[in-house]
Amino acid sequence: MTEMLPPLSERIALGVFPTPLSPLRRLSEHLGGPSIWIKRDDLSGLALGGNKVRKLEYLLQNALTEGADTLITAGAIQSNHCRQTAAAAASLGLECHLVLGGYAPPLLQGNLLLDSLFGAHLHFAGSKRKGEDIPALAESLIAAGKRPYVVPYGGSNKLGALGFANALVELCRQTQEPFSHIVFASSSGGTHAGLLAAAKWMALPTQILGIRIDKEENNGSPFQQQLLSLSQDVLTDLEPLANLSAEDIVLNEDYLGQGYGVMGEPEQEAISLMASLEGILLDPVYTGRAMAGLLDLVQKGHFSAEDKILFWHTGGAPAIFAYADEWAANRHL
Ligand SMILES: Cc1ncc(COP(=O)(O)O)c(C=O)c1O
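Residues numbered from 1 in each chain as written. Predicted model: local features only at pLDDT ≥ 70, side-chain atom pairs only at ≥ 80, totals over all residues.

Student: Go over the domain arrangement of the chain, please, and point to the residues and values.
Tutor: Reports of interface size often rely on the accessible area that becomes lost once the parts have come together. Taken as a whole, the chain is organised into domain 1 (21–50 + 157–331) and domain 2 (52–155). Relative placement of domain 1 and domain 2: their C-alpha centres are 24 Å apart. Contacts between the two partners involve 24 residues from domain 1, matched on the other side by 24 residues from domain 2. The leading source of residues in the side of domain 1 that touches domain 2 is helix α6 (residues 158–174), at 6 residues. Among the residues forming the side of domain 1 that touches domain 2, the class breakdown is 11 nonpolar, 13 polar and no charged. (Domains from an automatic or database assignment. Contact = placed C-beta atoms within 7 Å. Helix = DSSP H or I, 4+ residues; strand = E, 2+ residues; numbered from the N terminus. Nonpolar A, V, L, I, M, F, W, Y, C, P; charged D, E, K, R; others polar.)

Written as structure tokens, this is what we have:
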């Protein structure tokens, strides 16, 4: 089955694939539970890596096909999606506009510093971090003679999610023995939807277990419903008659902490543990929270000793530098 590539759309090469797959030997030993592996999408190449490049390969091919000369997207002030979009735009010679939540800070740090290095135009939108201001911006760019292409929030429409369907095919080519669970940070849903659709398509005996990161909805409808409909859209492209149901969506909402982007004790512990045991960097917003969830589930006995777990590292480490003050304060450095 893994020899058969799904009938995916055209894509433009932006990242470095396949990303490495390796066992987390010291972490598994430390926890004394199931064996844990890691898929290193933090090493996916574009602008310090991350999961968004898989989506952007499909989305930006579509933008070029449509004759766009300008990209617009949105995210939080430390958005990894915006940073990778800005870098991809630079490499393709496209203008890039980022609509960012929050207000212009006195100092550019982390992803925001990189956005500006890649030459992106930064628009600060206050409390509106999900692209609410994009239509007005697109209109003004069109009036100025540009041909803008809107990359959806988090890159999470069907085309973007196809990138993660393809990622699962890539994983299956790297290992004979399937994982019992794939654990990852789920936020705008494209990563989750692509993995779930491809797991169903390939009939893998693997649970696709998203750890929810952001409790706010993206467009009004419940996140589970959005996930189901996006996953179904991807699956329909792979196998027109196949169906997913609500029970296929496995989303753990127990680790939302103090809200989106607030680094708490669990995230700090997870980041420290991975750094000190494995020499691998996680981020305060996504992978730190997802790993904190995984660690807690292992400690609670959620998995059996025979399970083989994959932690899908979705990137995000540049945001660490924007949390330096909080880190120092909390750790009393
Ligand atoms: C580092 C990182 N991990 C995970 C995610 C979540 O991926 P998705 O938006 O596809 O749910 C994001 C999204 O912004 C991210 O930046």
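After that view, the rundown keeps rolling.
Student: So what's going on with the site of the ligand? Residues and values would help.
Tutor: Taken together, 20 residues lie near the ligand, and Asn80, Ser188, Tyr286, Thr314 and Gly316 sit nearest. At the level of elements, α3 (80–92), β7 (181–186) and α7 (190–201) are the ones that each hand at least two residues to the shell around the ligand. Mapping the shell around the ligand onto the domain boundaries places at least three of its residues in each of domain 1 (21–50 + 157–331) and domain 2 (52–155). (Near = placed C-beta within 6 Å.)

Student: Tell me about the nonpolar core, and please be specific about residues and values.
Tutor: Counting residues in each nonpolar core, the largest one holds 99 residues, and the members touching the most others are Leu71, Leu168, Ile182, Val183, Met291 and Phe311. When residues of this core are sorted by domain, at least three fall in each of domain 1 (21–50 + 157–331) and domain 2 (52–155). With near-sequence residues (within four places) excluded, Ile182 lies in contact with Leu195, Thr206, Ile208, Leu209, Leu310 and Trp312. (Core = buried A, V, L, I, M, F, W, Y, C linked by C-beta atoms within 7 Å. Buried ≥ 20, exposed ≤ 12 C-beta atoms within 10 Å, placed from the backbone.)

Student: Any details on the sheet that holds strand β1 (residues 21–23)? Residues and values, ideally.
Tutor: What holds strands together in a sheet is hydrogen bonding between their backbones, with the strands either parallel or antiparallel. Ordered in space as β1-β2-β10-β7-β8-β9, the 6 strands form an open sheet in which the pairing is mixed. Among the strands making up the open sheet, the edge pair consists of β1 and β9 (250–252). Ignoring strand direction, the axes of neighbouring strands in this sheet form an average angle of 25°. Relative to β9, strand β8 (residues 207–212) runs parallel, the two sharing 3 bridges. The residue bridging Gly210 from the neighbouring strand is Leu251, located in β9. (Pairing = 2+ DSSP bridges. Axes fitted to C-alpha atoms, helices over the stretch in contact; angles between N-to-C directions.)

Student: Could you give an account of helix α4 (residues 110–117), naming the residues involved and the relevant values?
Tutor: Turning to α4, its buried residues are Gly110, Asn111, Leu112, Leu114 and Asp115. Packed against the buried residues of α4 are α3, β4 (95–100) and β5 (121–124). Phi turns positive, to about 80°, at Gly119, one or two residues after α4.

Student: Give me the lowdown on unusual backbone geometry, citing residues and values where you can.
Tutor: A cis geometry characterises the amide bond from Phe17 onward to Pro18, with omega recorded as 0°. One non-glycine residue, Ala203, lies in positive phi territory at about 50°. Within the secondary structure, Ala203 sits in the loop between α7 and β8.

Student: Which residues make up the environment of Glu239, and what are the values?
Tutor: Structurally, the position occupied by Glu239 is in the loop between α8 (223–238) and β9. Each C-alpha atom of the pair Glu239 and Lys200 lies 9.7 Å from the other, and the pair is 39 residues apart in sequence.

Student: I'd love a proper account of the sheet that holds strand β6 (residues 148–150), names of residues and values included.
Tutor: If you walk across this open sheet you meet the 4 strands as β5-β4-β3-β6, and the pairing is parallel. A single partner strand is all that each edge strand has here, and the edge strands are β5 and β6. Within the sheet, the average angular offset between the axes of one strand and its neighbour, ignoring direction, is 25°.

Student: Tell me what's going on with the pairing of strand β3 (residues 70–75), and back it up with residues and numbers.
Tutor: The buried fraction of β3 amounts to 6 of the 6 residues, a majority that puts the element mostly inside the structure. Burial along β3 is two-sided: Thr70, Ile72 and Ala74 and Leu71, Thr73 and Gly75, pointing in opposite directions, are all buried. Taken together, β3, α3 and β4 form a β-α-β motif whose crossover is right-handed. Pairing between β3 and β6: 3 bridges, direction parallel. By the bridge assignment for β6, Ile72 is matched with Val150. (Right-handed = clockwise from strand over helix to strand, strands pointing away.)

Student: Outline the environment of Ala68, listing residues and values.
Tutor: Note that Ala68 resides in the loop between α2 (52–65) and β3. Separated by 80 residues in sequence, Ala68 and Pro148 have C-alpha atoms that sit 5.5 Å apart. Ignoring any residue separated from it by four or fewer positions in sequence, one finds Ala68 in contact with Ala63, Leu94, Arg147, Pro148 and Tyr149.

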